[in-house]
Amino acid sequence: LALGARAGGGGGCQLPAEWRPLSEGCRAELASIIVYARVLALHPDPYGAYNYLPWQRGPPGGPQQGAGDLFYSAEIELLCDQAWGSMLEVPAGSRLNLTGLGYFSCHSHTVMQGYAYFFFLRMDENYILLPHGVNFQEAIFPDTQENRRMFASLFQFSNCSQAQHVLSFSSDWEIQEDNRLMCSSVQKALFEEEDRVKKLQQKVATLEKRNKQLRDRVKKVKRSLRQARKNSRHMELVNRKLSEKLSSAGGQIPYINSLKQENSHATYLKV
């Protein structure tokens, strides 16, 4: 598994947040070129645009700065015509040069001389062939029984130099081809469903946040209401005590008035 873009200088590897694994069949639909080929020879590659490591600070084309034999290219011979839908128009038996091989910081594209592989390839603007790690996943598959079965529906077996080894897996070709053609639409539907679920989750999170804010506001209002009721009861108690004092004081006023009248009458007689 190739782990996507390098995260700065000496940082680790990080996949996009929305990354999801794709099956080999789905990625085969997206690969530019698919070939079944044998590696004839390996050649060391200089440090360049496709071969560098994060700690190599120099410009492409400069010294390798300790890269050693990590990077190499391969001369390959096609054992079949390219897979149906591929952009490469060369017949079986053709020999091609493939670069961008070796041990990188986030992935490895490695092959061994004398062995056959299924290759996902792409061609850059300078017509250089490179491994095509569709969806940041494996681009080179060893020539095993399982992989032959997996890629059996992609090749025109009559033009394969090793057809006898591959033909035994072609009996269910129509089923495989139907599955292959359906893969993109199914995968697209799955991604759309995941996007829909993700958006719903975001909406739920937003609503939960707003709900929490409303609950906090309700708590504040209830707290203010309780305080207002408490203040109201306190004021009622104060008013009641004040009324009682006023009532008590009001009962003593006639007695005081009568005393004043008596005092004033006595004084008048004395005079």
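Sequence order sets the numbering: in each chain, residues are counted from 1 along the sequence as written. The model is predicted, so local features are restricted to residues of pLDDT at least 70 and side-chain atom pairs to those at 80 or more, both for listing and for counting; the totals for chains, interfaces and linings are taken over all residues. Note: side-chain values were computed over all heavy atoms of the structure, leaving out hydrogens and water.

If you check an unreviewed UniProt entry, the chain appears there as CCDC3 protein from Origma solitaria.

Remarks on the pattern of salt bridges
Operational definition: The salt bridge criterion pairs a side-chain nitrogen of Lys or Arg with a carboxyl oxygen of Asp or Glu, the two atoms within 4 Å. Helix and strand labels come from DSSP, where a helix needs a run of H or I of at least four residues and a strand needs a run of E of at least two; each type is numbered from the N terminus. Only protein chains enter the accessibility calculation, which uses a 1.4 Å probe; a residue is then buried when its area is under 20% of its type maximum, exposed when over 50%, and partly exposed in between.
Per the counting criterion, the structure on display carries three salt bridges. For R95, the salt bridge goes to E75, with nearest N and O atoms at 3.8 Å. One end of the pair, R95, is in strand β3 (residues 95-103); the other, E75, is in strand β2 (residues 71-78), with 20 residues separating them in the sequence. Of the charged contacts, one joins D143 and R148 as a salt bridge, the two residues approaching to 2.6 Å between their closest N and O atoms. Among the residues examined, D143 registers a relative accessible area of 23% and is labelled partly exposed.

A few points about unusual backbone geometry
A negative phi angle characterises most non-glycine residues, just as the trans form characterises most peptide bonds. Phi at N135 takes a positive value of approximately 60°, unusual for a residue other than glycine. Looking at the element boundaries, N135 is found in the loop between β6 (129-131) and β7 (140-142). The phi dihedral of F136 falls on the positive side, at around 60°, and the residue is not glycine. Of note, F136 is situated in the loop between β6 and β7.

Side note on the side chain of R27
Note the following rule: Only four residue types enter the charge count, namely Lys and Arg as positive and Asp and Glu as negative; His and the chain termini do not. Any two residues whose heavy atoms approach within 4.5 Å at even a single point are treated as in contact.
Positionally, R27 belongs in helix α1 (residues 24-30). Put simply, R27 is tucked away with no salt bridge, and the nearest opposite charge, on E24, sits 4.4 Å away. Contact partners of R27, with chain neighbours within four places excluded, come to L22, F120, V134, N135, Q137, E138 and F141.

Some points on the nonpolar core
Test applied: To form a nonpolar core, buried Ala, Val, Leu, Ile, Met, Phe, Trp, Tyr and Cys residues must be joined to one another through side-chain atoms within 4.5 Å.
Ranked by size, the top nonpolar core spans 35 residues in total, and within it I34, V35, V111, F119, F120 and F155 carry the most contacts. Where this core is concerned, the elements lending two or more residues are β1 (33-44), β2, β3, β5 (116-123) and β7. Leaving out residues up to four positions away in the same chain, V35 has contacts with L78, Q82, L88, Y117, F118, F119, L121 and F155.

Thoughts on the pairing of β3
Formally: A pair of strands counts as paired when DSSP detects no fewer than two bridges linking them.
Bridge count for β2 against β3 is six bridges, and the pairing is antiparallel. Looking across to β3, one finds that F71 is bridged to G102. Strand direction decides the pairing type here: β3 and strand β4 (residues 108-109), joined by two bridges, are antiparallel. Bridge pairing links Y103 to S108 in β4. Following β3, the chain reverses through four residues before pairing antiparallel with β4.

Quick notes on the environment of V90
Following the sequence through the fold, V90 ends up in the loop between β2 and β3. Between the C-alpha atom of V90 and that of L78, which follows or precedes it by 12 residues, the distance is 8.8 Å. Excluding anything up to four places from it in sequence, V90 contacts L78, D81, Q82 and L96.

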